[in-house]
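# Coordinates in review
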Amino acid sequence: MKHPYAVFAAIIIITALVAAAPGAHAQISTSYVTVGAADSTVIDRQIYGHFSEHLGRCIYDGFYVGDTSTRIRNTRGMRIDIVEALRKMKIPNLRWPGGCFADTYHWKDGIGPKEKRPSMVNTWWGGVTENNSFGTHEFLDLCEQLGAEPFISANVGSGTVQEFSEWVQYTNFEGKSPMSGLRAANGREKPWNVRYWGIGNEPWGCGGNMRADYYVDLYRKFVTFMTGTWRTPLYRIAAGSSSSDYSWTETLMKNIPPGMMEGLGLHHYSVIDWDKKGSAANFSHDEYYKTMKQAYRIEEIVAKHSAIMDAYDPKRKVALIVDEWGGWYDTEPGGTALYQQNTMRDAMIAGLTLNVFNNHADRVRMANLAQTVNVLQAVILTEGEKMILTPTYHVMEMYSVHQDAKRLPVAVRSAPYVEGRDTLPAVSASASKDKNGVIHVSLVNIDVRHTQPVSLLFKEDGFSSVSGRILSSDAVQDHNTFKEPMKVRPAEITGVTLKGGTLTASLPPCSVVVLEIK
Ligand code: AHR
């Protein structure tokens, strides 16, 4: 008897041939997902990281309400409701202080007694006064409360090598030194051992408008002075390119010697048009489709950057770090900088992007959604004492089962999502096996009109139960508000069947599903 996997593969090939035959109708009614056996690749939990910048209400009136607030429950100024929600979502790391802000930030202004800290102007984000009351100690306290690894982006654009090397010593040096003495004088005896360091941000733009060759030399110089006698091995991340700027990646891979860089960044935002981004919650089907097209580009972008990296680093020692990603729309009328609502469209961006990262986990080992609270594709929005979880939060929480699990390779034969004369694959998927042997498969149907039936076949069989959760809503524009905070939330999925090694499920329009198979 043939293994069911072989039969299933044959069905997929026949379906593909029929679909490709002259005169054939392009629509395939069922999508097929084959799930292979685990290889040695682990889906690094750091792929599920987040980003917090001194921008709009992300830090102030977001994470941080000040240690004198009696109105909002906090621990040393950090909102307790936010910390609890992010812990539940299993946030693995948090990037800070920017973004563009990072290359204007001088860390010594943000330590010591708050009343003595000098203020500055946040030139990138609205020219507002930054009083530096949230600095290194506060950020690292926040990370400890969250149980998340800190990821600090250093100032290369307007800072000095000495300033940077002293920051590393201030946070990490355990012996006696001017910097560890200063840290102790400011109330922290033991080092934090910060592992992840970004060397500048977008040096090709807001970080200094540099050419790649010039940045390479600066990078080499900055990291040279990061060495020391601290316990934590440093993880040095070079500032990467924007979307499909492959020449930036090529120049860095070619000219940064092996052993000098652990990670190389990449930023990709799903934006319809930088001059006309459109409303976050009030959008047409056409705009929705265009956003999905931008989001789907991440597959090709990651694959092409990875291929360039493979040529210089065939053993894949250097990780691709997608340290900014997400949807970007017009700021809500009356909202602070880059404040936007978050709808089921954003849940689609999150689901399909995380599927891509999971599937490329052999190269993508860290990522940061922009930005955690009240800015861009936030997982949390606040208004005074109120806090809501966005559809994106729910996707991140549902997908957290993949963190540190073994990747299972998937092959997807998707029905098309047709819009006019254009098509995108309707269904995307990724899968993993956790340390208890439980398999999780995440599935996304971005088709706004059609339910997608999906058949899944597993290389391994012998399963006896399947359960799962689904995030869906009546309209793709649906979102949570402070009046209706639970409109969009996950529910138990029904109607999934497991028969003879084949699992079938039905994905409603614009839905995200995570199945658990034992
Ligand atoms: O996330 C907002 C901004 O987008 C960041 O500051 C910058 O790095 C990027 O251009």
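Turning our attention to the site of the ligand. Near the ligand the following residues occur: Phe51, Glu53, Gly99, Cys100, Trp125, Asn201, Glu202, Tyr269, Glu324, Trp328, Gln371 and Leu376. Within the contact set of the ligand, an oxygen atom lies 2.7 Å away from a side-chain nitrogen or oxygen of Glu53. Alone, the ligand offers 280 Å² of accessible surface; in the complex the protein occludes 93% of this. Classifying every residue of the shell around the ligand gives 6 nonpolar, 3 polar and 3 charged.

When helix H5 (residues 178-185) is considered as a whole, its buried residues turn out to be Met179, Ser180 and Arg183. Buried residues of H5, seen end-on, are gathered within an arc of 100° and therefore sit on one face of the element. Exposed residues on H5 whose side chains face more than 90 degrees from its buried face are Pro178 and Ala185. On its buried side, H5 packs onto helix H3 (136-146) and helix H4 (161-172). Directly after H5, the chain includes Gly187, whose backbone phi takes a positive value near 100°.

Once that is clear, we can look at the environment of Leu507. Its place among the elements puts Leu507 in strand E26 (residues 502-507). Along the primary structure Leu507 and Ser473 are separated by 34 residues, whereas in three dimensions their C-alpha atoms are 12 Å apart.

Attention now moves to unusual backbone geometry. Here the bond from Gly98 into Gly99 is cis, since omega is 20°, no more than 30 degrees from zero. Cis geometry marks the peptide bond from Ala370 to Gln371, where omega comes out at -15°. Although it is not a glycine, Leu338 adopts a positive phi angle of roughly 60°. Residue class for Leu338 comes out buried when judged on its relative accessible area of 12%. The backbone phi angle of Asp404 is positive, close to 65°, even though this residue is not glycine. With respect to the helices and strands, Asp404 occurs in the loop between helix H10 (391-399) and strand E16 (406-408).

In space, the 6 strands of this open sheet follow the order E16-E20-E21-E27-E23-E24, with antiparallel pairing throughout. Edge positions in the open sheet fall to E16 and strand E24 (491-492), since each of these has one partner strand only. Sitting on the sheet, helix H9 (residues 344-359) touches E16, strand E20 (427-433), strand E21 (439-445), strand E23 (466-471) and strand E27 (511-517), and the angle it makes with E20 is about 50°.

Let's shift gears to the state of the cysteines. Counting across every chain of the model gives 1 disulfide. The partner cysteine of Cys100 in its disulfide is Cys206, sulfur to sulfur 2.2 Å. Residues Cys100 and Cys206 share a disulfide whose torsion about the S-S bond is about -90°; that sign makes it left-handed. Of this pair, Cys100 sits in the loop between strand E5 (93-96) and strand E6 (120-122) while Cys206 sits in the loop between strand E9 (196-199) and helix H6 (212-224); the two residues are 106 residues apart in sequence, bridging distant segments of the chain. On the basis of relative accessibility, which here comes to 15%, the residue Cys206 falls in the buried class. A disulfide-free cysteine, Cys58 has its sulfur positioned 12 Å from the sulfur of Cys143, the nearest such atom.

Procedures and definitions
- Residues numbered from 1 in each chain as written.
- Predicted model: local features only at pLDDT ≥ 70, side-chain atom pairs only at ≥ 80, totals over all residues.
- Heavy atoms only, no water.
- Near = heavy atom within 4 Å.
- Polar contact = N/O pair within 3.5 Å; in protein donor to acceptor, adjacent residues only side chain to side chain.
- Areas by Shrake-Rupley, 256 points an atom, 1.4 Å probe, with all protein chains shown as cover.
- Nonpolar A, V, L, I, M, F, W, Y, C, P; charged D, E, K, R; others polar.
- Buried < 20%, exposed > 50% of the residue type's maximum accessible area, 1.4 Å probe, protein only.
- Helix = DSSP H or I, 4+ residues; strand = E, 2+ residues; numbered from the N terminus.
- Arc of directions from axis to C-beta.
- Contact = heavy atoms within 4.5 Å.
- Pairing = 2+ DSSP bridges.
- Axes fitted to C-alpha atoms, helices over the stretch in contact; angles between N-to-C directions.
- Disulfide = S-S within 2.5 Å.

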